Amino acid sequence: MLSYTAFWSKTFIYQSFQNLCFSFRCVGEENWVDSRTIYIGHKEPPPGTEAFIQQRFPDNRIVSSKYTFWNFIPKNMFEQFRRVANFYFLIIFLVQLIIDTPTSPITSGLPLFFVITVTAIKQGYEDWLRHKADNSVNQCPVHVVQHGKVVRKQSRKLRVGDVVLVKEDETFPCDLILLSTSRDDGTCYVTTASLDGESSHKTYYAVQDTKAHSTEEEVDSIHATIECEQPQPDLYKFVGRINIYMDNEAVARPLGSENLLLRGATLKNTEFIYAVAIYTGMETKMALNYQSKSQKRSAVEKSMNSYLVVYLCILISKALINTALKYVWQADPNRDEPWYNDRTETERQRHIVSLAFTDFLAFMVLFNYIIPVSMYVTVEMQKFLGSYFIMWDDEIFDEELGERAVVNTSDLNEELGQVEYVFTDKTGTLTENNMEFIECCVDGHLMPGAAGMDMIDTSPGPEARVSIASVHEELFFRALCLCHTVQVKEEETVDGIKHGIHQGKSTSFYISSSPDEVALVEGMKRLGFTYLRLKDSHMEILNREDEIERFELLEVLTFDSVRRRMSVIVRATGELYLFCKGADSSIFPRIISGKVDQVKARVEHNAVEGLRTLCVAYRPLTPEQYQEVCHLLNGAKLALQDRDKRLAEAYDIIEKDLILLGATAVEDRLQEKAADTIESLHKAGMKVWVLTGDKMETAAATCYASKLFHRNTQILELTTKRTEEQSLHDVLRKCIVVAEWNPVKRSRDCTDYGLIIDGATLSAVMRPTQEDSNSGNYKEIFLEICRNCSAVLCCRMAPLQKAQIVKLIKTSEEHPITLAVGDGANDVSMILEAHVGIGIMGKEGRQAVRNSDYAIPKFKHLKKMLLVHGHYYYIRISELVQYFFYKNVCFIFPQFLYQFFCGFSQQPLYDTAYLTLYNISFTSLPILLYSLIEQHINMDILKKDPSLYRDIAKNSLLRWPIFIYWTVLGVYDAIVMFFGAYFLFDNTTFTSNGQMFGNWTFGTLVFTVLVFTVTFKLALDTHYWTWINHFVIWGSLIFFVVFSLLWGGIIWPFLNYQRMYYVFMQMLSSGPAWLSIILLITASLLPDVVKKVICRAMWPTTTERIQVSAYTYIPLSMYLPPTNWEITKTCIYDCIKVENFS
């Protein structure tokens, strides 16, 4: 017993020492990742192999919720009061509680409570939905193998090391390593639509030494451990190895992403699998990708914050002025304090600084309503509710995909109306990403794709066979039939949908994650070489002679975006071949023989035509070379550290000395109305940039087809070819001279400029320092060239370079608003970098959609998103912000003037109820509805005339002159209301019973004029009238009157005193009061109406001209039934349009 214990102690110490040494050795290595050890079935390793150290791992519970029942209130309050506005009103509320202030704490506390409560209810409801979703996932049943039997348990109880049984169409409960499947070859098919949106079937492989274990007893007998990296969020990267113990000896096998089944993926076309859990719960890759994106702020929000700072300064100035004037007023002993309100001895002994500070705080409380706390709630509601109008829009619905627009964040609705630069991907965004095989070039001989040939009987006649039966041609066709990751589906139905039916017979069809590969394999099928299946590590091909050829698949060198190629190593009749296909730029440098010039000429010709090209090459291998290849690959695959780097080095050594076979051409057609959309964006004043990884000729052809470039566009090139001939500095200088030369002539000849730059040149431009002191700042020169170009094409771009381009423009001197649109994972970086990111629901997965702010089915829908929705939302929220500040100036400035007539005694002008409900009830709903449904111009006109987008560009409606105008207008209206009421009733004002008006009647009169004035002002600005507008606008005025009658007409038992009792009725019983209300409202609104009439007559904008023409000429379309978007779910737009009565 002692010896056994000593043995394990020594083993543990040795293992710990090894781990310690390994850790010290790896310190400072950039790519070093810590590892974990997993014991399959929780079995201890055999004695003498390694120490059994049971690690603790989290359970399989998924927690996407933010709060719990116990921490909701404190955590939510903390988050809400982190907002400056909420914290400011909390301070005001506390000041009202602590010191004697002129207004009740209710006046600040109730609006703040309303804001906090509404926000808390919204966030609590959303979190409750997350809790509900979490529980449904955590409690779903899973099947686990224990002691040779399958037991059922809840998903949340799953542990790392458990062996799980998953059946067809079931979702994987956690991240799993595939041990065995129902298929003899140890493969299974998986869809990862919930992870990256790719609905295509992907192939995963079981561990070679365990794939034969197909029963519970056999799987339970597996004795193995897994060493792998710690959890990290990259869905496409995994490094590990499995140690399988046979006769107490460990056999190591590499594990990669092809063995890893991710949580959320679904098993397809495979009866069952056995797999071991390695990452559970919040450590799964799906959970690690839950992390939120950085918060984006719109230009309108920044303007709001600037305005708030200005109004805060005005508030402090008012408080300081009134505090100073109060003490000037009280400097006269006769005015110090009246005899009936004499100060106590304690108050007289207080220091004057303390008294002044208390008075300053009291004035701050009295005037604090100039800061509109309810504006934040209204803006949030407007954005949240407004986002549904985008999602409900039937014009942004694609019947083919069955998808609508998706709003991932509603904070940027108005930013859609401010875009100046559009950065778009090419493949899958401008094009359909639906590939069609066009032609192939073998040894310089052209072969058309034979698209019109029969897909089943494609065997050519004897003469044709003789004419094309060269060795290279045969190798070329076989290379394309073998060098791919295509799967063959032979069943008649997939997921209930029939496929592969020809003349009533069930035939095979191809599925792959890459549409290019399917197009090439189908093209070979039309030319007589049919790929049949992969079975028992052998790929089968049906040749022209209707003979089945079998090739043993030895190795697959997978495709990656850095190498831009893939290879396979196969064995046939004792001969070994490496077949390689990839981009021309990655294949040609590795060619040692073949008809390079002829093939390269055809590749360039096809690229100019806008076709996607691939080159195909091969290399015969000797058994010795193959053994060396196996040694390199196995060494790289078994590495836990720097595996990707070592694999890349191995691939680089293997994929050399190639013999060129030929090239292929595949067409990726332009999306419907893509050209019309780009043309509309140009007319709207936006500059469109195409950022793509494709070669220059292919991308340029697409740009011409999509009308990004026109025939009269003069192209400036900043490419590697140009910089090899001249220095980068000289090329940049020549481009900028050409772009800036003679702008008068340029405008007369209608010549515009386009720029083409590639990734290598961009890297040189973006380099922070230049060796040549005369070179200057390349970035600034590049930006100056871009400013003078109407369109820019960036080709051969890496994903990071796309983001660098967007950031370069975003942070330039003008700080333009940028929008990035793409459909693939390589577009995520630029989508996150841009002010607004839009994902296309294409065929390259849903990573772009998941990381975007908005998602649309097709590129053509971008036109309405920007020109209509963006235009409307910017107009609406601009009016909302300006109107809120205006009505609060109208509200609080009479209070400021009133202090000059009450001895600066901090006497409020309005009743507490009016102070509290002004922004909450009396004036909030009309502007909220306006900000949701206002249409100053018909949407059809906005789509037909994109130039109207220019009228609102560069935040034109929230500039300082317009803000000052609204503020001055509010001050004017406040002066008219206050002094109009003051002078009209300065002498004798009596009611019908002879009673004189008091101060509360005076304040109620001013408040009544105020409510009606600001509401009528909004009515004058409304162009799109519906029954809902009438109901809300006039209903809010009726509510004010009814509330005032009830508030002053009933003795409320919960009030200690009622200073407003019978005040409102008394005021309405006076004829002069009615006359003064009408006169003051008219006097307040008249200058704004006159100003609008004069400006429309003398200096009308394009929008105003169209509004006038719309009233004089009503097109037929206005009589047609409204679109579904106009109707919405509540018939919001089921109404008539009437001319604004202003």
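Residues numbered from 1 in each chain as written. Predicted model: local features only at pLDDT ≥ 70, side-chain atom pairs only at ≥ 80, totals over all residues. Heavy atoms only, no water.

With that out of the way, let us pick up the overall build of the chain. Within the chain one finds 39 helices and 40 strands. Looking at the chain as shown, the accessible area adds up to about 52,000 Å², and 58% of this sits on carbon and sulfur atoms. (Helix = DSSP H or I, 4+ residues; strand = E, 2+ residues; numbered from the N terminus. Areas by Shrake-Rupley, 256 points an atom, 1.4 Å probe, with all protein chains shown as cover.)

A few words now on the pattern of salt bridges. Opposite charge on two side chains lets them pair, provided their charged atoms get close. Under the counting rule described, the total for this entry stands at 40 salt bridges. We note a salt bridge from K66 to E79, for which the minimum N-O separation is 3.9 Å. Taken as a pair, K66 in the loop between β1 (35-39) and α2 (72-80) and E79 in helix α2 lie far apart in primary sequence, 13 residues in all. Residue K66 is classed as partly exposed on the basis of its relative accessible area, which comes to 39%. Look at E79 and you get partly exposed, because its relative accessible area is 25%. Taking the shortest distance from any N to any O, the salt bridge between K858 and D398 comes out at 3.3 Å. Highlighted residues: K858 in the loop between β40 (854-856) and α29 (862-898) and D398 in strand β14 (residues 397-398), separated in sequence by 460 residues. For D398, a relative accessible area of 7% puts it in the buried group. (Salt bridge = Lys/Arg side-chain N within 4 Å of Asp/Glu carboxyl O. Buried < 20%, exposed > 50% of the residue type's maximum accessible area, 1.4 Å probe, protein only.)

Its location among the elements puts P58 in the loop between β1 and α2. Expressed as a C-alpha distance, the spacing of P58 and T280, which sit 222 residues apart in the sequence, is 6.6 Å. Those residues within four positions of P58 in sequence are excluded, and the remaining contacts are T280 and E283. (Contact = heavy atoms within 4.5 Å.)

A few words now on the environment of C1095. Note that C1095 resides in helix α37 (residues 1071-1098). Given a relative accessible area of 25%, C1095 falls into the partly exposed group. Setting aside residues no more than four positions away along its own chain, C1095 makes contact with P1100 and E1104.

With that settled, consider the sheet that holds strand β8 (residues 224-229). Across the sheet, four strands lie side by side as β1-β8-β9-β10; this open sheet has antiparallel pairing. Edge positions in the sheet fall to β1 and β10 (249-255), since each has one partner strand and no second. If you compare each strand with its neighbour and ignore which way they point, the axes differ by 20° on average. (Pairing = 2+ DSSP bridges. Axes fitted to C-alpha atoms, helices over the stretch in contact; angles between N-to-C directions.)

What UniProt calls "binding site: Mg(2+)" (unreviewed entry) maps, in this numbering, to D425, T427, D823 and D827. Despite a sequence span of 403 residues, these residues sit close together in the fold, their greatest C-alpha distance being 10.8 Å. Locating D425 in the fold gives a position in the loop between β17 (421-424) and β18 (431-442). Relative accessible area serves as the criterion here: at 4%, D425 is assigned to the buried category. Here D425 is in contact with L430, L691, T692, K802, V821, G822, D823, D827 and M830, once residues within four sequence places are set aside. Examined against the element boundaries, D827 turns out to sit in the loop between β38 (818-822) and α27 (828-833). (UniProt positions renumbered as here; feature names shortened; annotations may be inferred.)

The next thing to look at is the pairing of strand β39 (residues 836-840). For β39, the tally of buried residues reaches five of five residues, placing the bulk of the element in the interior. Of the two faces of β39, the one holding V836, I838 and I840 and the one holding G837 and G839 are both buried throughout. Two strands pair when backbone bridges link them, and β38 and β39 are joined in this way by four bridges, in the parallel orientation. Note on β39: the bridge partner recorded for V821 is I838. Pairing of β39 with β40 involves three bridges; the strand directions are parallel. Bridging from a neighbouring strand, I840 pairs with I856 of β40.

Moving on, we come to the sheet that holds strand β37 (residues 791-795). Judged by pairing direction, the sheet is mixed, and its nine strands sit side by side in the order β16-β40-β39-β38-β17-β34-β37-β36-β35 without closing on themselves. Edge positions in the sheet fall to β16 (406-407) and β35 (714-718), since each has one partner strand and no second. Relative to β37, strand β36 (residues 753-758) runs parallel, the two sharing five bridges. The partner of I757 across the bridge, within β37, is C794.

Taken N-terminus to C-terminus, the directions of helix α13 (residues 471-482) and helix α14 (residues 515-526) make an angle of 140°; their axes are 9 Å apart at the nearest point. On the basis of the axis angle, α13 is oblique to α14. Note that α13 runs across α14; the crossing there is left-handed. Packed against α13, whose contacting residues are F477, L480 and C481, the element α14 presents L520, V521 and M524 at the interface. Considered class by class, the residues forming the contact of α13 with α14 number six nonpolar, no polar and no charged. (Parallel < 35°, antiparallel > 145°, perpendicular 65-115°, else oblique. Left-handed = near helix turned anticlockwise from the far one by under 90°. Nonpolar A, V, L, I, M, F, W, Y, C, P; charged D, E, K, R; others polar.)

Time to look at the nonpolar core. In this structure, V881, Y910, Y914, F1007 and L1010 are the most contacted members of the largest nonpolar core, which totals 95 residues. Considering each element in turn, this core owes the most residues, 17 residues, to α29. For Y914, the residues in contact, after removing those within four places along its chain, are F891, F922, T1004, F1007, F1040, F1043, S1044, M1060 and F1064. F389, I390, V690 and C795 belong to the second-largest nonpolar core, a separate cluster that totals 46 residues. (Core = buried A, V, L, I, M, F, W, Y, C linked by side-chain atoms within 4.5 Å.)

A cluster of nonpolar side chains, F87, I91, L94, L97 and I98, forms an exposed patch at the surface whose accessible area comes to about 490 Å². Along the chain, L94 falls in helix α3 (residues 84-98). (Patch = residues over 30% accessible without salt bridge, like charges linked within 9 Å, V, L, I, M, F, W, Y side chains within 5 Å.)

A separate point is unusual backbone geometry. Positive phi values are uncommon outside glycine, yet D169 reaches one of about 70°. Here D169 lies in the loop between β4 (163-167) and β5 (175-181). On the basis of relative accessibility, which here comes to 47%, the residue D169 falls in the partly exposed class. The backbone phi angle of T573 is positive, close to 45°, even though this residue is not glycine.

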